[in-house]
Amino acid sequence: MTTTSPWAEHPAAPDPDPDLQAAVTELGAAVRDLLETTVTTTVPAGEQAAVAAGVRGLTARLAAATRGRHTLSALDDLPTFRRTYSPVTGVGNGFAPPVQFRREGDTVVGETVLGLRHEGPPAHCHGGVSALLMDQLLGSAAFLAGRWGMTAHLVLTYHGAVPLQTPLVLTARITETSGRKTVVTGGIALAAEPDRELVSGEAVFVSPRPELLELYFGALTTADGSPAPGHGATDGTAL
Ligand SMILES: CCCCC/C=C\C/C=C\C/C=C\C/C=C\CCCC(=O)SCCNC(=O)CCNC(=O)[C@H](O)C(C)(C)COP(=O)(O)OP(=O)(O)OC[C@H]1O[C@@H](n2cnc3c(N)ncnc32)[C@H](O)[C@@H]1OP(=O)(O)O
């Protein structure tokens, strides 16, 4: 597997400001608890209305300074896959479980527990949330193997309903690489029964040709306004 990198020409990003990292992680955790509790609370209407007013006040404080969609957060670093606000892995995103993926040999593994904010059928995970997890899982397997791409194709089979509030294990491995294309398979299972996949799937990740990279990410900057690393990517590989 090649080690050519779209990001090889760029110096490693400095370590994130530890105070900012800690505060964002704590805010993400607090909002995660808030989101989960908003969908489970049974307090009376008046109390919910009062809390809503308080939350709007807090939102106004955060809105005093925000970034646009073409600016990475100060905590993010594309070459090292640090994505603070990912809806799957982001510690700063209250919707995210969050799940962290790691390499174990030729497999990528993550564990998580989903909440009622991820509910589809009562007491079970929404099928679209399973797809979200699978996309990130399979994409992470490609990335952690030194290949980067956007999801071109994703096929899932739902063998069994995924229960909420129950430890889950997610695993994936690469089955094929060619040119800019990476094929990955994987699944979601109960941690207690890791060999019985409740969801299985396969995805094709394609590293976009230069014209598409420019179209999608040409305006992207780091938090300090510098062009984001990766603009020279041409060959579909990373790291
Ligand atoms: C500053 C720049 C860097 C910015 C980087 C940004 C972030 C990076 C950080 C982390 C990301 C890493 C991992 C993330 C993990 C998971 C997150 C989930 C990922 C997503 O959430 S992502 C959003 C959803 N995703 C899209 O929004 C894509 C829309 N789509 C397109 O933008 C194009 O469609 C594209 C780019 C996919 C391909 O376009 P293209 O023109 O570059 O490719 P082209 O046609 O030349 O094909 C080349 C070879 O791929 C084969 N191929 C193509 N399509 C195929 C298909 N569908 N099935 C099977 N094979 C396919 C061909 O057959 C040929 O194969 P062969 O060479 O063998 O002939």
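Just so you know, the residues in each chain are numbered from 1, in the order the chain's sequence is written. Confidence filtering applies because this is a predicted model: local features only for residues at pLDDT of at least 70, side-chain atom pairs given and counted only at 80 or more, and all residues used for totals across whole chains, interfaces and linings.

Could you clarify how one ought to interpret the overall build of the protein in this entry?
Along its length, the protein carries four helices and six strands. The helix and strand sequence of the protein, counted from the amino end, reads α-α-β-β-α-β-β-β-β-α. Both definitions apply: the radius of gyration is a C-alpha atom measure, and the globule rule equals 2.2 Å times residues to the power 0.38. Its C-alpha radius of gyration of 19 Å places the protein within 12% of the 18 Å reference for a compact globule of 239 residues. By its C-alpha atoms, the protein is 60 × 45 × 30 Å across when sized along the principal axes. Partly exposed residues are those whose C-beta has more than 12 but fewer than 20 other C-beta atoms within 10 Å; with 20 or more the residue is buried, with 12 or fewer it is exposed, and the C-beta atoms are placed from the backbone. Across the 239 residues of the protein, 30% fall into the buried class. Contacts in the protein between residues at least 24 apart in sequence constitute 66% of all its contacts with a sequence separation of at least 6. Secondary structure counts use DSSP, requiring at least four H or I residues in a row for a helix and at least two E residues in a row for a strand, with both numbered from the N terminus. The contact rule is simple: place each C-beta atom from the backbone, and if two of them lie within 7 Å, those residues are in contact.

Even after reading the chapter, I still don't get helix α3 (residues 127-144), so can you show me in this structure?
Residue pairs three or four apart in sequence face the same way in an α-helix, which turns once every 3.6 residues. Here, expected helix span is obtained from the residue count minus one, scaled by 1.5 Å. For α3, spanning 18 residues, the distance from its first C-alpha to its last is 25 Å, which sits close to the expected 26 Å at 1.5 Å a residue. Where α3 is concerned, the buried positions are Val 129, Ser 130, Leu 133, Met 134, Gln 136, Leu 137, Leu 138, Gly 139, Ser 140, Ala 141 and Ala 142. Looking one or two residues beyond α3, the residue adopting positive phi is Gly 146, at roughly 90°.

Help me out: how do you make sense of the nonpolar core in this one?
Nonpolar side chains tend to gather and get buried jointly when the protein is soluble and globular. Residues enter a nonpolar core if they are buried, belong to Ala, Val, Leu, Ile, Met, Phe, Trp, Tyr or Cys, and are joined to the set through C-beta atoms within 7 Å. If you look at the biggest cluster of nonpolar residues, it comprises 30 residues, and the most contacted ones within it are Leu 133, Leu 137, Leu 138, Ala 141, Ala 142, Val 184 and Ile 188. Of all the secondary-structure elements, those providing two or more residues to this core are α3, β4 (168-178), β5 (181-190) and β6 (193-206). For this core, the leading source of residues is α3, giving seven residues. What Leu 133 contacts, discounting residues up to four positions off in sequence, is Val 88, Leu 170 and Ile 188.

Hey, could you run me through unusual backbone geometry in this one?
Apart from glycine, the bulk of residues carry a negative phi angle, and the bulk of peptide bonds sit in the trans form. The step from Pro 97 to Pro 98 runs through a cis peptide bond, and the omega angle for that step is -20°. Tracing the sequence through the fold places Pro 98 in the loop between α2 (45-62) and β1 (101-104). Positive phi values are uncommon outside glycine, yet Ala 123 reaches one of about 75°. Owing to 12 C-beta atoms within 10 Å, Ala 123 belongs among the exposed residues under this scheme.

Before we go on, may I ask you to explain the sheet that holds β6 in this structure?
Backbone hydrogen bonds are what pair the strands of a sheet, in a parallel or an antiparallel way. Note: two strands are recorded as paired if DSSP finds a minimum of 2 bridges between them. Pairing is antiparallel across the open sheet formed by six strands, whose spatial order is β1-β2-β4-β5-β6-β3. Across the chains shown, the open sheet's two edge strands, defined by having one partner strand only, are β1 and β3 (150-158). Taking each pair of neighbouring strands and ignoring which way they run, the sheet shows an average axis angle of 25°. Both strand β2 (residues 107-112) and β4 contribute to a ladder of five bridges, which runs antiparallel. From the neighbouring strand, Glu 111 faces β4, where its bridge partner is Val 169. Helix axes are fitted to C-alpha atoms over the stretch in contact, other axes to C-alpha atoms as well, and angles between N-to-C directions run from 0 to 180 degrees. Strands β1, β2, β3, β4, β5 and β6 of the sheet are contacted by α3, whose axis makes an angle of about 130° with β5.

Before we go on, may I ask you to explain the pairing of β5 in this structure?
Side-chain positions along a regular strand alternate between the two faces of the sheet. The pairing of β4 with β5 spans ten bridges and is antiparallel. Residue Arg 173 lies in a different strand from β5, and its bridge partner there is Thr 185. In this antiparallel pair of consecutive strands, β4 and β5, the connection spans two residues, and Gly 179 shows a positive phi of 55°. Pairing of β5 with β6, which is carried by ten bridges, proceeds in the antiparallel orientation. Paired with Val 184 across the strands is Ala 203, a residue of β6.

How do you make sense of the UniProt feature "domain: Thioesterase" (unreviewed entry) in the protein when you look at a structure like this?
UniProt positions are given in the numbering used here, feature names are shortened, and annotations may be inferred rather than shown by experiment. Here the UniProt-annotated "domain: Thioesterase" (unreviewed entry) positions come out as residues 124-185. As a span, residues 124-185 carries 29% helix and 40% strand, and end to end its C-alpha atoms are 23 Å apart.

I would appreciate a short explanation of the pairing of β6 in the present structure.
Summarising the sheet, β3 and β6 pair through eight bridges and their orientation is antiparallel. Opposite Met 150, over in β6, you have Val 206 as the bridge partner. Between β5 and β6, which pair antiparallel one after the other, the connecting turn spans two residues.

Teacher, can you tell me more about α2 here?
Across its 18 residues, α2 extends 26 Å between first and last C-alpha, which sits within 8% of the 26 Å expected from 1.5 Å per residue. With respect to burial, α2 is a largely exposed element, only zero of its 18 residues being buried.

Help me out: how do you make sense of the confidence of the model for the protein in this one?
Any region with low pLDDT has predicted coordinates that should not be read closely. Confidence of the predictor at the level of single residues is given by pLDDT, which spans 0 to 100. Per-residue confidence for the protein gives a mean pLDDT of 92, with 91% of residues at or over 70. Of the regions scoring below 50 in pLDDT, residues 1-5 engages in eleven contacts with residues more than four places distant in sequence or in other chains. Among the scores for the predicted complex, ipTM is 0.94 and pTM is 0.93.

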